[in-house]
Amino acid sequence: MVANPTGEGEWPAEPGRYRLVVSLACPWAHRSVIVRRLMGLEDAISLAITDPLQDDRSWRFSLDEGGVDPVLGYTHLEQAYLARDPENGTENGVSVPAIVDVPSGQLVTNDFPNVTLDLGREWTAHQRAVAPTLYPDELRDEIDEVNEGVFHDVNNGVYKAGFATRQSRYEEAYTALFARLDELDERLENQRYLVGDHITEADIRLFTTLARFDAVYQGHFKCNRQKLAEFGALWAYARDLYQTPGFGDTVDFDHIKRHYHQVQTTINPTQIVPLGPEPSVWLTPHHREELGGSPFGPEGTAPEPLERPLRPLGPIDM
Ligand SMILES: N[C@@H](CCC(=O)N[C@@H](CS)C(=O)NCC(=O)O)C(=O)O
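Residues numbered from 1 in each chain as written. Predicted model: local features only at pLDDT ≥ 70, side-chain atom pairs only at ≥ 80, totals over all residues. Heavy atoms only, no water.

All residues adjacent to the ligand are C26, P27, W28, Q54, S58, W59, V94, S95, V96 and F112. Separating an oxygen atom of the ligand from a side-chain N or O atom of W59 is a distance of 2.9 Å. Here the ligand has 500 Å² of accessible area as a free molecule, and 64% of this is covered by the chains. When its residues are assigned to classes, the shell around the ligand shows 7 nonpolar, 3 polar and no charged. (Near = heavy atom within 4 Å. Polar contact = N/O pair within 3.5 Å; in protein donor to acceptor, adjacent residues only side chain to side chain. Areas by Shrake-Rupley, 256 points an atom, 1.4 Å probe, with all protein chains shown as cover. Nonpolar A, V, L, I, M, F, W, Y, C, P; charged D, E, K, R; others polar.)

Next comes the structure, spelled out in structure tokens:
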């Protein structure tokens, strides 16, 4: 693990100093995009969006003019890893999310679970005034417990099923995944959010997998006992979050579908990208307000709507 941008030590929380590099396809990176939005850290930490399709040097900035990230001046994220450690910087791969120190061009961290916790905890002085508390002290044990099960069986579970090369491993992952989804579905029948009455880190971690479920995991990763849209509470919960500012406006189905179906050619050798599902189903009424709770806490408010989409849409998608 590399150092985190904590308030102390080598990497102080300093507005304008860091660039968050993500792929909008990646569920682990997607968490950090949501937290950055919910905390109102857009002006403090800038965002770089990679091409959803890596090349042999991994994540690249080919969506930017000239194929160069305008802030870092890099064509590939690996350059930040190598700026930090020219000898061994990429020996463990090049992954997103990554926080890069702009003045030195060095990778600060790619430790994804801590990136979101840090954005919530260490950047309080720079957050918007009415930002929610995503990891409140009194709920930490419960959030950690939920996250643990969700990580192994759901976030990572879909990958274990999808990349299994033995039938038994696939079946094991599939069984654990749907057992956990059934449990979450039941938990969410009478409560609006996973832990407490407001959105927490636990909801963000589950949401990024749910957002990809019907578009990718149920077909491409063979997680097909049923679609998310065939669950009751879980599907309504996912739509509730999607319709909350910071969630749906950070979901990019084009990047998501192209990344998995075109990059993971051992699973999808034809690289055909499915056209469905129709994204408007995410906007249907969910009626979850009837369960009480409030998304951003007693004092918190929603982040402002995005002035423009996270990335330009258009011919670049072809
Ligand atoms: N691999 C990271 C977690 C984040 C992750 O797996 N990101 C994926 C994208 S979803 C990635 O960048 N993988 C490297 C690659 O695809 O080249 C870690 O375990 O620390």
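Picking up where we left off.
This brings us to the sheet that holds strand β4 (residues 106-109). Across the sheet, 4 strands lie side by side as β2-β1-β3-β4; this open sheet has mixed pairing. At either end of the open sheet lies a strand with only one pairing partner, and these are β2 (45-49) and β4. Between one strand axis and the next, the sheet turns through 35° on average, direction left out of account. Across 3 bridges, strand β3 (residues 98-101) lies against β4 in antiparallel orientation. Within β4, the position partnered with D101 by the bridge is Q106. (Pairing = 2+ DSSP bridges. Helix = DSSP H or I, 4+ residues; strand = E, 2+ residues; numbered from the N terminus. Axes fitted to C-alpha atoms, helices over the stretch in contact; angles between N-to-C directions.)

A few words on the domain arrangement of the protein chain. Under the domain assignment used here, the protein chain contains domain 1 (18-126) and domain 2 (137-297). Look at where the C-alpha atoms of domain 1 and domain 2 centre, and you get two points 23 Å apart. The interface is formed by 24 residues belonging to domain 1 together with 27 residues belonging to domain 2. Summed over both sides, the interface between domain 1 and domain 2 buries roughly 2,100 Å², with carbon and sulfur atoms accounting for 64% of that surface. At the surface where domain 1 touches domain 2, the tally comes to 1 salt bridge. With a shortest N-O distance of 2.6 Å, R37 and D249 are connected by a salt bridge. (Domains from an automatic or database assignment. Contact = heavy atoms within 4.5 Å. Buried area = accessible area lost by both parts, 1.4 Å probe. Salt bridge = Lys/Arg side-chain N within 4 Å of Asp/Glu carboxyl O.)

This part takes up the UniProt feature "domain: GST C-terminal" (unreviewed entry) in the protein chain. What UniProt calls "domain: GST C-terminal" (unreviewed entry) maps, in this numbering, to residues 136-267. Overall, residues 136-267 shows 61% helix and 0% strand. The separation of its end C-alpha atoms is 40 Å. (UniProt positions renumbered as here; feature names shortened; annotations may be inferred.)

A few words now on unusual backbone geometry. Geometrically, the link from V96 to P97 is a cis peptide bond, its omega value of 0° lying close to zero. Within the secondary structure, P97 is located in the loop between α2 (78-84) and β3. Residue P277 follows G276 across a cis peptide bond; omega there is -10°. Mapped onto the secondary structure, P277 falls in the segment after α9 (253-263).

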